[in-house]
Amino acid sequence: MRIRVSGTVQGVGFRPFVYRHALELGLSGHVLNDERGVEIVAEGPADAIAELIRRLEEEPPSLARVESVLAANEAPTGESGFRIAHSVSGGEADTPVSADSATCDACLAELRDPLDRRYRYPFINCTDCGPRFTIVTGVPYDRPLTTMAGFQMCAECQAEYDDPLNRRFHAQPNACPVCGPHARLIGVGEGGFSESGESDAVALSAVALARGAILAIKGIGGYHLACIASDEDAVARLRARKRREEKPFALMAPDLESARALVEVTAEEEALLTGRERPIVIARRAEEAPVAASVAPGSRDLGVMLPYAPLHHVLLADFGATLVMTSANVSDEPISYTDDDARERLEAIADGFLVHDRPVHMRTDDSVVRAVTDGQPIMLRRSRGYVPQSVGLPIEAPPLLGCGAELKSTFCLAKGKRAWAGHHIGDLKNWETLESFREGIAHFERLFAVEPELIAHDLHPDYLSTRYAQERAEADPEIELVGVQHHHAHLAACLAEHGEQRRALGVIFDGTGFGPDASVWGGELLVGDLQGYERAGMLMPVRLPGGDRAVREPWRMAASWLSVAFDAELPAIPRTLRSQIEAADWRAVCGIVQTGAGSPVTTSAGRLFDAVSALLGVRAHVSYEGQAAAELEGLADPSERGAYEFSAEGGGGEAPLVLDPRSAIRAIVADLDRDELTRTIAARFHNGLAAATAAAAEQICRERRLDLVALSGGVFQNRLLVERTLEALDAVSLEALMPAALPPNDGGIAYGQVVVAAARSAKS
Ligand code: ZN
Ligand code: ZN
Ligand code: FE
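Residues numbered from 1 in each chain as written. Chains lettered and ligands numbered in written order. Predicted model: local features only at pLDDT ≥ 70, side-chain atom pairs only at ≥ 80, totals over all residues. Heavy atoms only, no water.

Trainee: Before we go on, may I ask you to explain a negative patch on the surface in this structure?
Mentor: A cluster of acidic residues, Glu451, Glu453, Asp476 and Glu478, forms a negative patch at the surface. Locating Asp476 in the fold gives a position in the loop between helix 12 (464-475) and strand 20 (480-484). (Patch = residues over 30% accessible without salt bridge, like charges linked within 9 Å, V, L, I, M, F, W, Y side chains within 5 Å. Areas by Shrake-Rupley, 256 points an atom, 1.4 Å probe, with all protein chains shown as cover. Salt bridge = Lys/Arg side-chain N within 4 Å of Asp/Glu carboxyl O. Lys, Arg positive; Asp, Glu negative; His and termini not counted. Charge placed at Lys NZ, Arg CZ, Asp CG, Glu CD. Helix = DSSP H or I, 4+ residues; strand = E, 2+ residues; numbered from the N terminus.)

Trainee: Just to check I follow, could you spell out the coordination of the zinc ion (ligand 1) for this structure?
Mentor: The expected angle between donors at a tetrahedral four-coordinate metal is 109.5 degrees. At an octahedral six-coordinate metal it is 90 or 180 degrees. At 2.3 to 2.4 Å from the zinc ion (ligand 1) lie its protein donor atoms, namely Cys104 (SG), Cys107 (SG), Cys126 (SG) and Cys129 (SG). The site at the zinc ion (ligand 1) holds four donor atoms, and with the angles between them running 103 to 121°, its shape is tetrahedral. Of note, the zinc ion (ligand 1) draws all its donor residues from one chain, in the sequence arrangement C-x2-C-x18-C-x2-C. In this pair, Cys107 sits in helix 3 (residues 105-111) while Cys126 sits in the loop between helix 3 and helix 4 (155-162), placing the two residues 19 residues apart along the sequence. A relative accessible area of 0% means that Cys107 is categorised as buried. (Donors = N, O, S within 2.8 Å, 3.2 Å for Na, K, Ca; no water. Tetrahedral: all angles 85-135°; square planar, octahedral: opposite > 155°, others 65-115°. Buried < 20%, exposed > 50% of the residue type's maximum accessible area, 1.4 Å probe, protein only.)

Trainee: Would you mind going over the coordination of the iron ion (ligand 3) with me for this structure?
Mentor: Taken together, the protein ligands of the iron ion (ligand 3) are His486 (NE2), His490 (NE2), Asp510 (OD) and Asp746 (OD), with distances of 1.8 to 2.2 Å. Counting gaps between the donor residues of the iron ion (ligand 3) yields the pattern H-x3-H-x19-D-x235-D. Of this pair, His490 sits in helix 13 (residues 486-497) while Asp510 is found in strand 21 (residues 504-514), placing the two residues 20 residues apart along the sequence. A relative accessible area of 1% places His490 in the buried class. The class of Asp510 is buried, set by a relative accessible area of 2%.

Trainee: Just checking my understanding: could you explain the nonpolar core for this structure?
Mentor: Generally speaking, nonpolar side chains in soluble globular proteins are found buried as a group. Residues Val295, Leu302 and Leu505 are the most contacted members of the largest nonpolar core, which totals 154 residues. Shared between two domains, this core holds at least three residues of each, these being domain 2 (183-356) and domain 4 (504-739). Not counting residues up to four positions away in its chain, the partners in contact with Val295 are Ala229, Val235, Arg239, Pro248, Phe249, Leu251, Leu302 and Val324. Among the nonpolar cores identified, the runner-up in size contains 40 residues, and Val391, Leu737, Tyr751 and Val756 belong to it. (Core = buried A, V, L, I, M, F, W, Y, C linked by side-chain atoms within 4.5 Å. Domains from an automatic or database assignment. Contact = heavy atoms within 4.5 Å.)

Trainee: Looking at this structure, I do not really get the pattern of salt bridges. What am I missing?
Mentor: Two side chains bearing opposite charge may form a pair once their charged atoms approach each other closely. Applying the stated rule across the entire model yields 58 salt bridges. Measuring nitrogen to oxygen at the nearest pair gives 3.0 Å for the salt bridge that ties Glu74 to Arg2. On the criterion of sequence distance, the pair formed by Glu74 in the loop between strand 4 (65-72) and strand 5 (82-84) and Arg2 in strand 1 (residues 2-8) is long-range, its members being 72 residues apart. Residue class for Glu74 comes out partly exposed when judged on its relative accessible area of 38%. Overall, the relative accessible area of 31% leaves Arg2 in the partly exposed class. Note that Asp671 is salt-bridged to Arg674, the shortest N-O span being 2.6 Å. One connected set of salt bridges, linked through shared partners, spans Glu110, Arg117, Arg118, Glu156, Glu160, Arg167 and Arg168.

Structure below.
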């Protein structure tokens, strides 16, 4: 029988698994990796072969994801014995490389065993765990095509590697202190860099951190900047040097018990924290959490992860407390991952460098998720641990690339019924991120052997991702461009990842997206499917005073909404903003709202949150996108069930429905005048918007005979809004979908573009 296994089956111990079971079942033949997956030729009694196939399907190795097992009869050859044959290269590669995986329990036990030869060895791994995607330079996945190629295994490691019954059989990154990578601590002093020499670099690092040092630490996908989390002085110094004013820092806790002291951990969150993907989990801050105030100013949540690389395990065990572990970059630049680059860019930030000599081939940031009560966790950033796992497509795609949008940029390749969403690149606004974007795309095109015939892009003409798509098309006239409206991409992404092809109502609430009418969309009720859409409703359009400036200065949106809510040319400056905004500036912006000079019209839901956040005095200015809304949510009292009224006009017939928040704005002002608590007002706003959204959805769905609603867009990173909206939709018996595998924010746009382009090409 010739058996073909496809899915994530390379670099996960699949061949030794087959070997062990074939021996046990008395089968002869061979197993090998090729570019399509794993091929097995098995000869022996029919029931033994059937049992092998059952085990392949039902009990594969822990890191494998078996998508299909196809078997065909062959003439027996009388071959005796079973062997693992060499990888075959050439032809087409569509086998996904597996994602990086946290250290497994067997390796952890060895790491902590003083008698083991890998005791405290920071690069211990086996076929069940270790780096994968970040060290792969090409396919098939074998040691010469990884960044371990330069390390020659010692006799003991080689014996493990060659022994099919060993846990390290063909574990490509296999290594030990004799033959593998080593860690070093490099200090940055007055006279430049100095080396730790032969001593235990990790132990020394723990001591330095305890004294308040800031260290750049090379991990799996790049560098982190670390410091003691409980020391205000150290954390404040890191903030100042990194030029990151307020965005929360992620934490790494030594173990689950310490994580529980930081955040409230539900069963779902525990599963996320301890899973092999090891994302940063955003959860509700515990009372008296032992962290410095500067870790996450103004946030009711904390982002926590557990150690995932053996180096982290040893370091955190030595250190014995929680560390700040933030991506090592300066402001919005991509994470540092090469040693030279890190030294150059981080010298002014770090007091020392804990480095090692295993190169990172693909820079990959930590992933970020957030659990939601009674719902799927929300993926906020899909990167290390998840990438490059494929995401299914409900329709066949020609070779295709989606270039994404601008913020939280990712790209996505597709072919057949699979899509490979790339790692998080960052905000595509400068040369460094654009380079990272180009390199990532080139690497993925080689890994998955996709030569795009179609390139899908956002409609925004100025996005660097759009320009990149145009450049590719200019360089190669065979390439066809497909422009995809931003919010349609959000809708299609949500439907497709759930395998849906039905027409649905997409409630897409986000910050900014280019509308075909050249206005700024962002509060959209779209009726559509994978191919097309129609704008069935929207948030009431208002001015975005000063364009992009309004994104950084939420108080401008407060001026805009107050002007329309009270139909006043010059609304009074709210008491909550008086200490923060000059009266002259307020008057000037209210004037701009009236004339519309340099101020496009927007339906953005994100900007409505900004306006309310500013009105309540929570945030008049922001230092990162989404900050005002995040802090407004953090403030809202979850036990408050009151809700502000929104009205809805139109819908039915020709005119789109307009969701009008003016009555809610007036009610907020009245509550402020009454000295109502801001946390109560914040909650009533969330509750009101959720209820109004569900009512609008019910009306549109009834008129158009739809029963499915997709919620997406960056505003739906808001846990309270998600929970309330799902409740309200459930109450009117509408089925609701939310992005789960991919983020609701613009990190999911590239996949959505791929879906739309595939659907249109399937139709034409
Ligand atoms: Zn392991
Ligand atoms: Zn060795
Ligand atoms: Fe968006």
